[in-house]
Each structure stands twice: as C-alpha cells, then as structure tokens.
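Working through the structure, step by step
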Amino acid sequence: MKLFAFLTYIVVEIAAFAGLVAWLTFGWALLVMIAATAIGVLMLRRTAAGVLRDLGEALDGQRSAGPALMDTAILAAAVFLLAVPGVVSTALGLLLLVKPVRAVVRPAVAYVGAKRVASFVEESGLVTVLSGRPRGYGTVVDGAVVTDQRTPAEPVVDVGGPGPRPGYRELPPAP
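Think of each chain on its own: its residues are numbered from 1, step by step along the sequence as written. With the structure being a predicted model, the display of local features is reserved for residues of pLDDT at least 70 and the display and counting of side-chain atom pairs for 80 or more, all residues being used for whole-chain, interface and lining totals. Hydrogens and waters are ignored; side-chain quantities use all the structure's heavy atoms.

Quick word on the packing of aromatic side chains
Selection rule: The pairing test for Phe, Tyr and Trp rings, Trp by its six-membered ring, is centres within 6.5 Å, and the orientation test on the planes gives stacked under 30 degrees, edge-to-face over 60, and tilted for anything in between.
Under the definition given, this model contains two aromatic pairs. Seen from their ring centres, Phe 17 and Phe 26 are 6.0 Å apart, and the 85° between their planes marks the pair as edge-to-face.

A short note on a nonpolar patch on the surface
Spelled out, the test is: Think of a patch as exposed residues, more than 30% relative accessible area, with no salt bridge, where like charges cluster within 9 Å and nonpolar side chains (Val, Leu, Ile, Met, Phe, Trp, Tyr) cluster within 5 Å. Here the Shrake-Rupley method, with its probe set to 1.4 Å, supplies the accessible areas, and only the displayed protein chains count as covering residues. The working definition used for a salt bridge is a side-chain nitrogen of Lys or Arg within 4 Å of a carboxyl oxygen of Asp or Glu. The secondary structure listing takes helices from DSSP runs of H or I that are at least 4 residues long and strands from runs of E that are at least 2 residues long, numbered from the N terminus.
A contiguous nonpolar surface patch, about 500 Å² in accessible area, is contributed by Leu 3, Phe 6, Leu 7, Ile 10 and Ile 14. In this fold, Ile 14 is placed in helix α1 (residues 2–24).

Looking at the environment of Gly 66
Operational definition: Each residue is assigned to one of three classes by its accessible area relative to the maximum for its type, calculated with a 1.4 Å probe on protein chains only: buried under 20%, partly exposed between the two thresholds, exposed over 50%.
As for its placement among the helices and strands, Gly 66 is situated in helix α3 (residues 65–83). What makes Gly 66 partly exposed here is its relative accessible area of 26%.

Quick look at the side chain of Thr 90
For clarity, the cut-off: In the analysis that follows, any N or O atom pair within 3.5 Å is treated as a polar contact, provided that within protein one partner can donate a hydrogen and the other can accept it, and provided that, for residues neighboring in sequence, both atoms belong to side chains. Throughout, a residue-residue contact means that at least one pair of heavy atoms, one from each residue, lies within 4.5 Å.
Tracing the chain through its elements places Thr 90 in helix α4 (residues 87–96). Here Thr 90 falls in the buried class, since its relative accessible area comes to 3%. Within the structure, Thr 90 has its side chain in polar contact with the backbone oxygen of Gly 86 (distance 2.7 Å). Setting aside anything within four residues of it in sequence, one finds Thr 90 in contact with Met 33, Ala 36, Thr 37, Leu 81, Leu 82 and Val 84.

Points about the pattern of salt bridges
Taken as a whole and assessed by the stated rule, the structure comprises four salt bridges. Between Asp 71 and Arg 102 there is a salt bridge, and its shortest N-O distance comes to 3.6 Å. Here the residue Asp 71 occupies a position in helix α3, and Arg 102 occupies one in helix α5 (residues 99–124), the gap between them amounting to 31 residues. Using a relative accessible area of 6% as the deciding quantity, one classes Arg 102 as buried. Put simply, Arg 106 and Asp 71 hold a salt bridge, and the shortest N to O gap is 3.1 Å. Highlighted residues: Arg 106 in helix α5 and Asp 71 in helix α3, separated in sequence by 35 residues. For Asp 71, a relative accessible area of 3% corresponds to the buried category. Linked through salt bridges whose partners overlap, the residues forming this network are Asp 54, Glu 57 and Arg 63.

Focus on the nonpolar core
Going by this rule: Buried Ala, Val, Leu, Ile, Met, Phe, Trp, Tyr and Cys residues that are joined via side-chain atoms within 4.5 Å together make up what is termed a nonpolar core.
By size, the foremost hydrophobic cluster in this structure holds eleven residues: Ala 36, Leu 44, Val 51, Ile 74, Leu 75, Ala 78, Leu 81, Leu 82, Leu 94, Leu 96 and Leu 97. Those elements that provide at least two residues to this core are α2 (26–59), α3 and α4. Once residues within four sequence positions are removed from consideration, Ala 36 is found in contact with Thr 90 and Leu 94.

What follows is the structure, encoded as structure tokens:
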C-alpha cells in the first residue's frame, strides 16, 4: 500500500510538472518552482515566528495550547512538503502556511492526533477496559474502600515478586 501511494505521488508530480512545462515552457516552469520554494521559505520564517509566539502565550497561560500545538504539527507538514521537490507538494506546503487554511485543517489534525493517541494508549495497555469489555493484558485492583483515616504503624512495602502483587490480578488477553 505504501509503495502504491509513493508511485501515485511520483506520477502526480510528474504529470503536474509536465502540465506546467506545457503551459510555460521548461525554463519558466523551473523558475516558477524555484520562486515558489523561495516564497515558501520566507513565509515559513514569518509563520514559524507567529506559531512560536502563540506557543509562548500558551505556556504563560494567556491562551489555549491546543491550537498552537496543532499549528506546530501543520507547520511541520508544511516544512516537509516544501522540502520535497514537486509542483503539487510545494503548492500544498504553501497552502498550509496560510493562516485561514490552517484554521480549516486544524480539526482534521486534532482528529488524527486523537486517533493516534487512542491507538497508542490501547496498544500500550495503559487502559485495559473500554466500554466494559476487557482489552489485552492489564491489571485490575481488587480492594475495598477504607474509611479509617489513621496512618498505618508500618510503611507499606512493595514486595515486587513474580506474578501480580497481592490484591491485584491479571486480565486475560483479548481474543
């Protein structure tokens, strides 16, 4: 699948450059590509400064960190697209540097990020029960609520032997 996507990208980039050459001639098409990359680098400096300012304000608690973090991810994608040679990738990279376009793309970035975090959490076993169904291996704590507020006479020590600790049990693997 990855090979197919890469080959599709190559075909699309070659077709786009061939169309640009047919429209402008080779010399002008090459000049347009160089100029677009230079404009992208200049826009990148300005956009990166704005995103870093937004991140600084988020660290100071003046604004929410979510949009600034998503803009950072979008900016990283724009840098990648500008670094990859080609008409289509350069045009997409330039588009991602424009603030209204980033505002439109931001919800998709949030969705993809949330899906990746959820996938990581589920694969890592950090969350073992989702919607009442056991998932993978995990630890369940068997215990009771203690209402007595006295401190114990001896400190609680973790014995750390093989198998689950006392009061814990392992979940069976998911089918």
